[in-house]
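Notes for the structure review
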Amino acid sequence: MHRPEPETIIPIVNAKSAEIEQIDQTLIHEVVGVAMALDQLRESLNLVETHLNSREFAKASHVGYQEVAHNFVFLQRTLAGIQSAALQKEELISSVAYEVMAAYEDVAPYVEERMESARPKLESS
């Protein structure tokens, strides 16, 4: 495949801006959901550890079978949402690449530069 000029890719990416925005917002929403699920899972795991350290084995077991299990399933569901949105993004990039007869890797940066979700999270100090 040839490496297309930006002037070939950018108009097609611009034409798909609404779709890119929708996928971006979905990814951002799903990342927030995963963060919430991780926090809840950590809390329930910490509670299990607290009960174990206090030698409250029945309570630790109860929390493990109830809260930990529930929060793990919640995490799996939110991760599935991210996976679905990431696949939509890949399909969009592939469709643009097909349209301009270019490699996926040549098109991806033009799509991702328009997406907030593609930017690395900066750690706060």
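Scope of this entry: the structure provided in the associated data block.

A general feature of soluble globular proteins is that nonpolar side chains tend to end up buried together. Counting residues in hydrophobic clusters, the biggest one holds 18 residues, and the most contacted among them are I9, V13, V107 and V111. Mapped onto this core, the elements with two or more residues apiece are helix 1 (6-15), helix 2 (17-53), helix 3 (57-100) and helix 4 (104-112). Filtering out sequence-adjacent residues up to four positions away, V107 remains in contact with I9, I93, V96, A97, V100 and A102. Counting eight residues, the second largest nonpolar core, distinct from the first, contains A37, L41, A60 and V68.

Here the focus is the packing of helix 3 against helix 4. Running from N to C, helix 3 and helix 4 point in directions that differ by 120°, and their axes come no closer than 9 Å. One way to sum up the angle between helix 3 and helix 4 is to call them oblique. The chirality of how helix 3 crosses helix 4 is right-handed. Contacts between helix 3 and helix 4 involve K89, E90, L92, I93, S94, V96, A97 and V100 from the first element and Y104, V107, A108, V111 and E112 from the second. The residue makeup of the contact of helix 3 with helix 4, split by class, is nine nonpolar, one polar and three charged.

Okay, the pattern of salt bridges next. For the structure shown, the criterion picks out four salt bridges. Between R42 and D39 there is a salt bridge; the shortest N-O distance is 3.3 Å. One end of the pair, R42, and the other, D39, are both in helix 2, three residues apart, so they sit about a helical turn from each other. Judged by relative accessible area, R42 falls into the partly exposed class, the value being 47%. For R119, the salt bridge goes to E116, with nearest N and O atoms at 2.7 Å. Residue classification places R119 among the partly exposed residues on the basis of a relative accessible area of 42%. For E116, a relative accessible area of 47% corresponds to the partly exposed category.

Attention shifts here to the side chain of T78. Relative to the helices and strands, T78 resides in helix 3. Here T78 falls in the buried class, since its relative accessible area comes to 7%. With residues up to four places along the chain from it excluded, the contact list for T78 reads E30, G33, V34 and A37.

Turning next to the packing of helix 1 against helix 3. Interhelical geometry of helix 1 versus helix 3 gives an angle of 135° and a closest axis separation of 10 Å. Regarding the angle of helix 1 to helix 3, the classification is oblique. The handedness of the crossing between helix 1 and helix 3 comes out as right-handed. Note on element contacts: helix 3 touches helix 1 through V96, E99 and V100, opposite T8, I9, I12 and V13. Broken down by class, the residue content of the contact of helix 1 with helix 3 amounts to five nonpolar, one polar and one charged.

A word on helix 1. Those residues of helix 1 that sit buried are I9, I12 and V13. In an axial view of helix 1, the angular spread of the buried residues amounts to 100°, which keeps them on one side of the axis. Helix 1 presents E7 and A15 as exposed residues on the side facing more than 90 degrees away from its buried surface.

Reading the values: the criteria
- Residues numbered from 1 in each chain as written.
- Predicted model: local features only at pLDDT ≥ 70, side-chain atom pairs only at ≥ 80, totals over all residues.
- Heavy atoms only, no water.
- Core = buried A, V, L, I, M, F, W, Y, C linked by side-chain atoms within 4.5 Å.
- Buried < 20%, exposed > 50% of the residue type's maximum accessible area, 1.4 Å probe, protein only.
- Helix = DSSP H or I, 4+ residues; strand = E, 2+ residues; numbered from the N terminus.
- Contact = heavy atoms within 4.5 Å.
- Axes fitted to C-alpha atoms, helices over the stretch in contact; angles between N-to-C directions.
- Parallel < 35°, antiparallel > 145°, perpendicular 65-115°, else oblique.
- Left-handed = near helix turned anticlockwise from the far one by under 90°.
- Nonpolar A, V, L, I, M, F, W, Y, C, P; charged D, E, K, R; others polar.
- Salt bridge = Lys/Arg side-chain N within 4 Å of Asp/Glu carboxyl O.
- Arc of directions from axis to C-beta.

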